[in-house]
Amino acid sequence: MRKLAAGNWKMNGSRDSLGEITALANAYSAPGCDILICPPATLLSRLSDVSGPAIATGAQDCHAKTSGAHTGDISADMVKDAGGTYVIVGHSERRTDHGETDPDVRAKAEASLTANLTAIVCVGETLEDREAGRTLDVVGTQMAGSVPDDATAANTVVAYEPVWAIGTGKVPTLEEIGEVHDDIRAALVTRFGEDAKGMRLLYGGSVKPSNAAEIFAVSNVDGALVGGASLKAADFGGIIDALAAS
Ligand code: PGA
């Protein structure tokens, strides 16, 4: 399995940020892991033009439909047309800001697969869920509801992102990360069989160069979905190096 370092720029970046991509492209011509940057939709096409063969690009969301009267949205086909090969679906910020439900996320993931894009399906518990001991139940329900039936190791990635760890500098213990990732793997294998052993499971939430190596040593962690630390090539490079060495 090729591990994956995925950067999610969220609502950050302008044309000036393209220099971060060219810096990454110059540094990693034959990286030891897959590298992905998901910029805001405004930059996807430009960034895809300069990212080079070693760095994939993708979108942070897509609409479930292919086209039509949906002001402000972009379709999976449009992502592909702009040079993207991945789509993040169901990020907790989409679930919170836009009220996206598991069926919404599943429909977006299905649209991504239909467009021959790889879907990164995000799941994760709130602090309230964790403190109430509901983490595995909540994540299990999100997985069952959000991952499409035609998911395979080749077309789908799962990102476990505890909501309380995103952008906060707080990270679960390595045992807590391992517990959830092992549970996700077991649920995927039960549902999809042996193929799911090769499906990449990313951890996300305050991953930095300084904590990446220990997180990548946890069982069933096959990469990271990185927000803040993906904005600068130097920071993201530290995470890519840790993943390639893991
Ligand atoms: P963070 O964000 O790395 O800034 O915590 C992760 C994410 O939301 O994907």
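I will try to describe carefully the structure that is included in this document. Everything numeric here is computed off the predicted structure, so don't read it as measured data. (Residues numbered from 1 in each chain as written. Predicted model: local features only at pLDDT ≥ 70, side-chain atom pairs only at ≥ 80, totals over all residues. Heavy atoms only, no water.)

### Overview of the nonpolar core
Membership of the largest hydrophobic core comes to 62 residues, with the highest contact counts inside it found for L24, V158, I184 and L188. Looking at this core, the element that brings in the most residues is helix α10 (residues 233-245), giving six residues. Grouped together as the second largest cluster of nonpolar side chains are 13 residues, A6, I120, C122 and A159 included. (Core = buried A, V, L, I, M, F, W, Y, C linked by side-chain atoms within 4.5 Å. Buried < 20%, exposed > 50% of the residue type's maximum accessible area, 1.4 Å probe, protein only. Helix = DSSP H or I, 4+ residues; strand = E, 2+ residues; numbered from the N terminus.)

### Section: the site of the ligand
As a matter of local geometry, the ligand sits amid 13 residues, with K10, H91, E161, G167 and S206 nearest to it. Between the ligand and K10 there is a distance of 2.7 Å, counted from an oxygen atom to a side-chain nitrogen or oxygen. The contact in question runs from an oxygen atom of the ligand to an N or O atom on the backbone of S206, over 2.8 Å. Coverage of the ligand by the protein amounts to 95% of the 280 Å² it exposes when considered alone. Of the residues that constitute the shell around the ligand, the class distribution is four nonpolar, seven polar and two charged. (Near = heavy atom within 4 Å. Polar contact = N/O pair within 3.5 Å; in protein donor to acceptor, adjacent residues only side chain to side chain. Areas by Shrake-Rupley, 256 points an atom, 1.4 Å probe, with all protein chains shown as cover. Nonpolar A, V, L, I, M, F, W, Y, C, P; charged D, E, K, R; others polar.)

### With respect to the side chain of K108
Mapped onto the secondary structure, K108 falls in helix α5 (residues 102-114). In this structure K108 comes out as buried when scored by relative accessible area, which is 10%. In this structure K108 touches D61, C62, H63, A64, V89, R94 and E100, once residues within four positions along its chain are discounted. (Contact = heavy atoms within 4.5 Å.)

### A few points about the pairing of strand β3 (residues 55-59)
Of all five residues making up β3, five are buried, and the element is well covered by its neighbours. Burial along β3 is two-sided: the residues I55, T57 and A59 and A56 and G58 are all buried. Sheet topology places strand β2 (residues 34-38) next to β3; three bridges connect them, and they run parallel. Paired with I35 across the bridge in β3 is I55. (Pairing = 2+ DSSP bridges.)

### A word on unusual backbone geometry
At S206, a position not held by glycine, the phi torsion is positive, near 60°. Tracing the sequence through the fold places S206 in the loop between β7 (200-204) and α9 (209-216). Notably, N220 is not glycine yet its phi reads approximately 65°, a positive angle. Take N220: it is sitting in the loop between α9 and β8 (223-226). What makes N220 partly exposed here is its relative accessible area of 24%.

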